[in-house]
Amino acid sequence: MWYNNILETIGNTPLVKLNIIPKEIKATVLAKIETTNPGNSIKDRMALKMIEDAEKSGKLKPGGTIIEGTSGNTGMGLAIAAVIKGYKCIFTTTDKQSKEKADALRAFGAEVIVCPTNVDPSDPRSYYSVSTRLEREVPNSWKPNQYDNPSNTQANYEQTGPEIWEQTKGKITHLIVGAGTGGTISGAGKFLKEQNPAIQVLGIDTYGSVFKKYKETGIFDKNEIYPYLTEGIGEDFLPENVDFSVIDYFEKVTDKDAALMTREIARKEGIFAGNSAGSAVAGLMQMKDRFKEGDVVVIIFPDHGSRYMGKMYNEDWLRERGFIKNEKLTARSIISKEPDHDIVTIDAEESISKAISIIKSLNISQIPVTQQEMIIGKITESDILDALLENPSLKSHPVKDIFTSPFPFVDLNTSIDKISSLINKENSAVLVEDERGKFKIITQYDIINAISG
């Protein structure tokens with residue numbers, strides 16, 4: 001048997017039992033692994049459905065351009081379908097999203113425009129507004145608008161819900177889904193409740209999003225809105241695809257708990273899932289008292305871990321945000337082993353001759369260069385040697401005539417691995433600002449001293 005094209009492989013994703021993480025929960029916990037879709041996410045389902053419905057209605061015409069605001073996964077589904085069906089794609093996304101997501105979209109020939117995260121949806125710079133403007137400006141274009149397009153919910157009503165019902169033989173008691181556009185939780189949840197109204201549909205929300213409070217109070221509270229790191233769930237507005245009548249309860253999960261659980265899923269269950277799966281499993285554990293023996297809990301794992309290599313699966317990223325402890329040596333621990341003295345600098349207007357004198361007297365090989373007490377560059381032994389070999393008279397010239405770009409700056413939580421990677425032929429050291437606002441310099445010798453000490 002074979003498929004006529006890659007789009008025919010969408011759906012029929014496996015249901016896999018989680019054994020280690022939820023071991024203290026007496027219920028059976030199953031993960032719906034949507035990463036087996038060709039675009040590695042559940043969004044393939046609704047992306048194809050939106051396109052096919054638009055073709056039927058005449059909104060999307062042959063040779064047209066698909067324009068959408070997307071965090072990456074919907075864009076991937078749209079881009080794959082566009083390749084097969086002969087459409088162009090332009091996607092707007094936010095600077096919060098991982099670089100890997102944008103790179104993946106470009107791999108399929110899509111144009112990606114990155115917009116600022118921390119602006120109101122109505123702001124002309126927001127990724128919603130930019131995509132809407134482009135739809136007006138680009139001839140023969142169509143914007144799916146996944147947030148308000150009913151085909152989003154319908155795809156999950158027709159596909160995801162029935163698959164779960166069949167795979168659990170109708171035994172499902174709880175569905176847990178991270179809510180973003182709302183299509184997955186509303187569509188799958190509606191179908192399952194039609195089969196058994198007792199099924200509980202539990203939404204996962206994030207701090208900084210409006211869903212939970214709106215569900216519980218009916219109030220859209222703008223004070224609830226603030227930037228967050230978790231990707232794929234939560235919103236600062238109310239998409240039409242979020243059917244609050246289908247969702248029984250929302251559980252909020254912090255950025256830190258979501259990120260750490262994302263890693264735990266890979267390490268304990270062997271499933272390489274994305275950030276919103278981490279949120280959902282963290283939410284499961286927070287709600288563990290809701291589940292009893294005999295219950296069958298299904299959690300949607302929407303996308304693949306490869307899209308988060310620079311974030312949740314990157315220890316430096318986690319460390320910089322205080323999500324993991326400094327188990328490895330860091331800039332903080334390195335400078336703590338050094339004597340507490342002020343860094344030696346030289347003003348850009350001072351002579352090269354004075355720089356030579358400082359280097360000789362202190363037996364150092366490089367000096368940060370300052371201007372109005374701000375570090376603007378560096379001067380090293382090799383810089384001076386190269387300059388004087390070319391023109392010995394430069395000795396009397398100011399340092400600013402030959403200084404080079406400053407040493408890289410790192411923060412106190414930067415790991416020793418990262419610091420080592422920054423020290424090379426061009427940069428023989430890095431700079432760090434301590435808790436008192438004083439600059440310290442870290443060289444290879446300092447690293448060796450810290451490791452051996």
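Data block above holds the structure.
All figures in this text were calculated on a predicted structure; none of them were measured in a lab.

A. Local environment of the overall build of the protein. Helix and strand counts for the protein stand at 15 helices and 16 strands. Projected onto its principal axes, the C-alpha coordinates of the protein cover approximately 85 × 55 × 50 Å. Entry remark: accessible area of the protein is about 20900 Å², with carbon and sulfur atoms responsible for 50%. Positive and negative charge centroids in the protein, built from 54 and 63 side chains respectively, lie 4 Å apart.

B. Main features of the side chain of Ser186. Along the chain, Ser186 falls in helix α6 (residues 183–195). Among the polar contacts listed, one links the side chain of Ser186 to the backbone oxygen of Gly182, at a separation of 2.8 Å. Each residue touching Ser186, except ones within four places of it in the same chain, is listed here: Thr153, Asn241, Val242, Asp243 and Val246.

C. Representation of helix α8 (residues 255–269). The end-to-end C-alpha separation of α8 is 21 Å, in line with the 21 Å expected for 15 residues at 1.5 Å each. Buried within α8 we find Ala258, Ala259, Met261, Thr262, Arg263, Ile265 and Glu269. Along its buried surface, α8 packs onto β1 (15–17), β9 (249–253), α9 (275–286), β10 (296–301) and α10 (315–320). Following α8 by one or two positions, Gly270 has its phi on the positive side, about 70°.

D. Spotlight on the packing of aromatic side chains. In this structure the tally under the stated criterion is twelve aromatic pairs. Clustering of aromatic rings is evident, with ring pairs tying together Tyr127, Tyr128, Tyr147 and Phe237. Its guanidinium or amino end placed over the ring of Tyr157, Lys190 lies 5.3 Å from that ring's centre, counting from NZ or CZ. Its end group placed over the ring of Tyr249, Arg290 keeps NZ or CZ at 4.1 Å from the ring centre.

E. Fine view of the sheet that holds strand β14 (residues 409–410). Pairing within the open sheet is mixed, and its three strands lie in the order β14-β15-β16. The strands lining the two open edges of the sheet, one partner per strand, are β14 and β16 (439–443). Summarising the sheet, strand β15 (residues 429–433) and β16 pair through five bridges and their orientation is antiparallel. Bridging from a neighbouring strand, Ala429 pairs with Thr443 of β16.

F. Up close: helix α13 (residues 381–390). Looking at α13, one finds that the buried residues are Asp383, Ile384 and Ala387. Viewed end-on, α13 has its buried residues packed into an arc of 95°, placing them on one side of the element. Exposed residues pointing more than 90 degrees away from the buried face of α13 are listed as Asp386 and Leu389.

G. Region of interest: the pairing of strand β7 (residues 174–178). Taken across its five residues, β7 has five buried, putting it largely inside the fold. Taking every second residue as pointing to the same face, both faces of β7 are buried, with His174, Ile176 and Gly178 on one and Leu175 and Val177 on the other. As judged from the five bridges shared by β7 and strand β8 (residues 200–206), these two strands associate in the parallel manner. Opposite Val177, over in β8, you have Gly203 as the bridge partner. Crossover handedness for the path β7 to α6 to β8: right-handed. Of the strand pairs in this sheet, β7 and β10 are connected by three bridges, and their pairing is parallel. Within β10, the position partnered with Leu175 by the bridge is Val298.

H. How the structure looks around the sheet that holds β9. If you walk across this open sheet you meet the six strands as β1-β2-β10-β7-β8-β9, and the pairing is mixed. Either end of the sheet is taken by a strand with one partner, and the two such strands are β1 and β9. The average undirected angle you get between the axes of adjacent strands in this sheet is 25°. The strands that α8 touches are β1, β8, β9 and β10; relative to β9, the one it contacts most, it runs at about 90°.

I. Just the environment of Phe403, in detail. Note that Phe403 resides in the loop between α13 and β14. For the pair Phe403 and Thr330, spaced 73 residues apart in sequence, the C-alpha to C-alpha distance is 28 Å. Once you skip the residues sitting within four places of it in the chain, Phe403 turns out to touch Val369, Ile376, Gly377 and Lys378.

J. Molecular detail of the side chain of Thr70. Note on placement: Thr70 falls in the loop between β3 (65–69) and α2 (73–85). Beyond its immediate chain neighbours, meaning those up to four positions away, Thr70 contacts Gly75, Phe91, Thr92, Thr93, Tyr127 and Gln146.

K. Inspection of the pattern of salt bridges at higher detail. Inspection of the entire model under this criterion finds 30 salt bridges. A salt bridge links Lys49 to Glu158; the nearest nitrogen and oxygen atoms lie 3.3 Å apart. Of the two residues, Lys49 sits in helix α1 (residues 43–57) while Glu158 sits in helix α5 (residues 150–167), which places them 109 residues apart along the sequence. Overall, Lys49 belongs to the buried group, its relative accessible area being 14%. Linking Glu231 and Lys101 is a salt bridge whose minimum nitrogen-to-oxygen distance equals 3.0 Å.

L. Highlighting the nonpolar core. Residues Ile176, Ile265, Leu284, Phe291, Ile299 and Phe301 are the most contacted members of the largest nonpolar core, which totals 28 residues. Sorting the residues of this core by element identifies β2 (28–33), β8, α8, α9 and β10 as the ones contributing at least two each. With six residues, the single largest contributor to this core is α9. Once you skip the residues sitting within four places of it in the chain, Ile176 turns out to touch Leu202, Ile204, Ala280, Leu284, Met287, Phe291, Val297, Val298, Ile299 and Ile300. Counting 26 residues, the second largest nonpolar core, distinct from the first, contains Met46, Met50, Leu60 and Val112.

What counts, and at which threshold
- Residues numbered from 1 in each chain as written.
- Predicted model: local features only at pLDDT ≥ 70, side-chain atom pairs only at ≥ 80, totals over all residues.
- Heavy atoms only, no water.
- Helix = DSSP H or I, 4+ residues; strand = E, 2+ residues; numbered from the N terminus.
- Areas by Shrake-Rupley, 256 points an atom, 1.4 Å probe, with all protein chains shown as cover.
- Lys, Arg positive; Asp, Glu negative; His and termini not counted.
- Charge placed at Lys NZ, Arg CZ, Asp CG, Glu CD.
- Polar contact = N/O pair within 3.5 Å; in protein donor to acceptor, adjacent residues only side chain to side chain.
- Contact = heavy atoms within 4.5 Å.
- Expected span 1.5 Å × (residues − 1).
- Buried < 20%, exposed > 50% of the residue type's maximum accessible area, 1.4 Å probe, protein only.
- Phe/Tyr/Trp six-rings, centres within 6.5 Å; stacked < 30°, edge-to-face > 60°.
- Lys NZ or Arg CZ within 6 Å of the ring centre and 35° of its normal.
- Pairing = 2+ DSSP bridges.
- Arc of directions from axis to C-beta.
- Right-handed = clockwise from strand over helix to strand, strands pointing away.
- Axes fitted to C-alpha atoms, helices over the stretch in contact; angles between N-to-C directions.
- Salt bridge = Lys/Arg side-chain N within 4 Å of Asp/Glu carboxyl O.
- Core = buried A, V, L, I, M, F, W, Y, C linked by side-chain atoms within 4.5 Å.

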